[in-house]
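Chain and residue survey
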Amino acid sequence: TKLIVMVRGLGSLKGILNRHVEKVKKQANEIKKEVAEVILRDLVNHSAVDTGKFTSNWIVSLGESIEESIPPLVPGKWGSTMEANTEAAFSAGQAALQIAQFGEPIFIVNHALDDLSESDEYILDFLYNGRKYRTRPNEQQRPFRGILETSADLGREHLDALVKG
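Residues numbered from 1 in each chain as written. Predicted model: local features only at pLDDT ≥ 70, side-chain atom pairs only at ≥ 80, totals over all residues. Heavy atoms only, no water.

**Some words on the overall build of the chain**
Which entries qualify depends on this criterion: Strands here are runs of E lasting at least two residues and helices are runs of H or I lasting at least four, both read from the DSSP assignment and numbered beginning at the N terminus. Categorising residues by exposure relies on relative accessible area from a 1.4 Å probe, with only protein chains included: less than 20% of the type maximum marks a residue as buried, more than 50% marks it as exposed, and the intermediate range marks it as partly exposed. Throughout, a contact is declared for two residues whenever any of their heavy atoms are within 4.5 Å. Computed with a 1.4 Å probe, the accessible areas rest on the Shrake-Rupley method; for each residue, only the protein chains presented here act as cover.
When helices and strands are counted, the chain shows 4 helices and 4 strands. Put simply, the chain runs from its N terminus to its C terminus through helices and strands in the order α-α-β-α-β-β-β-α. Evaluated residue by residue, the chain yields a buried proportion of 32% over its 165 residues. Within the chain, residue pairs in contact and separated by at least 24 positions form 63% of the contacts whose partners lie at least 6 positions apart. Working note: accessible area of the chain is about 10,600 Å², and carbon and sulfur atoms make up 54% of it.

Dropping the structure here:
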């Protein structure tokens with residue numbers, strides 16, 4: 001895009017540049033929010049847990065990371081509320097993303113597993129690349145890491161497409 005400007009003085013030039021800086025900031029902020037939304041959607045869609053706690057704990061925060069877990073947004077058993085928790089977690093995250101400002105970091109965190117001990121009998125279900133994993137808390141890192149890597153890759157691909165297109 002070409003920018004052709006007729007400048008009548010330094011004050012005029014400053015005003016023109018300030019308007020363009022604000023436009024770039026706004027566009028950069030919208031790209032940041034869109035990429036975060038793509039990552040959030042992938043995380044909540046691929047995080048199946050029988051009670052809904054893990055899915056519900058994909059929490060979006062602005063400015064600083066939240067270091068706590070929350071109960072399931074829609075409590076259930078054996079995956080009975082998986083769809084409702086997925087939608088609730090995504091909607092809550094989306095609401096936070098809408099108010100993100102330029103220069104404000106976005107954090108998407110999940111501390112649901114912090115509450116579990118190795119002796120806990122809790123069993124986690126993970127859906128990753130179309131395959132379902134069932135694992136105990138002391139074994140969760142492999143599929144959990146896979147979910148994070150896949151979502152991060154998806155975010156990078158989306159950012160590349162936005163920048164190129």
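**Remarks on the nonpolar core**
Condition: Here, nonpolar core means buried Ala, Val, Leu, Ile, Met, Phe, Trp, Tyr and Cys residues that are tied together by side-chain atoms lying within 4.5 Å of each other.
In this structure, Leu-40, Val-44, Phe-54, Trp-58, Val-60, Leu-97 and Ile-106 are the most contacted members of the largest nonpolar core, which totals 15 residues. Breaking this core down by element, the ones donating at least two residues are α1 (10-45) and α3 (82-98). Once residues within four sequence positions are removed from consideration, Leu-97 is found in contact with Lys-33, Ala-36, Glu-37, Leu-40, Val-60 and Ile-106.

**Re α3**
Formally: Multiply 1.5 Å by the residue count of a helix minus one, and that product is the helix's expected span. This arc describes the spread of directions from the helix axis toward the C-beta atoms.
The end-to-end C-alpha separation of α3 is 24 Å, in line with the 24 Å expected for 17 residues at 1.5 Å each. Every buried residue belonging to α3 is among Asn-85, Thr-86, Ala-89, Phe-90, Gly-93, Ala-96 and Leu-97, and all of these are buried. Buried residues along α3 cover an arc of 125° about the axis, so they all sit on one side.

**Thoughts on the pattern of salt bridges**
To keep things clear, this is the line we draw: Whenever a carboxyl oxygen of Asp or Glu lies within 4 Å of a side-chain nitrogen of Lys or Arg, that contact is scored as a salt bridge.
Using the criterion set out here, one finds 2 salt bridges in the structure. Notably, a salt bridge pairs Lys-25 with Glu-22, separated by 3.8 Å at the nearest N-O pair. Of this pair, Lys-25 and Glu-22 both sit in helix α1, 3 residues apart, which is roughly one turn of the helix. Relative accessible area serves as the criterion here: at 48%, Glu-22 is assigned to the partly exposed category. Note that Glu-30 and Lys-33 form a salt bridge whose closest N and O atoms lie 3.2 Å from each other. In this pair, Glu-30 and Lys-33 are both assigned in helix α1, 3 residues apart and thus about one turn of the helix distant. Judged by relative accessible area, which is 39%, Glu-30 ranks as partly exposed. On the basis of relative accessibility, which here comes to 10%, the residue Lys-33 falls in the buried class.

**A closer look at the side chain of His-111**
The following threshold applies: A 3.5 Å cut-off defines polar contacts: any pair of N or O atoms within that distance qualifies, except that in protein one atom must be a possible hydrogen donor and the other a possible acceptor, and neighbouring residues in sequence count only when both atoms are side-chain atoms.
Along the chain, His-111 falls in the loop between β2 (106-109) and β3 (124-128). Given a relative accessible area of 15%, His-111 falls into the buried group. In terms of polar contacts, His-111 uses its side chain to reach the side chain of Glu-67, at 3.4 Å. Setting aside residues up to four positions removed in sequence, His-111 forms contacts with Asn-57, Ile-66, Glu-67, Glu-68 and Ser-69.

**Observations regarding the confidence of the model for the chain**
Which entries qualify depends on this criterion: The quantity known as pLDDT measures the predictor's confidence residue by residue, on a range of 0 to 100.
Taken over all residues, the pLDDT of the chain has a mean of 76, while the share at 70 or more is 70%. For the chain, β3 is the element with the lowest average pLDDT, namely 49, and α3 is the one with the highest, namely 93. Confidence drops under a pLDDT of 50 for residues 136-142, and excluding neighbours within four residues, the segment shows 13 contacts in the predicted structure.

**Some points on the environment of Ala-36**
As for its position among the elements, Ala-36 is in helix α1. Judged by its relative accessible area of 9%, Ala-36 falls in the buried class. Other than its neighbours up to four places away in sequence, Ala-36 contacts Leu-97, Ile-106 and Ile-108.

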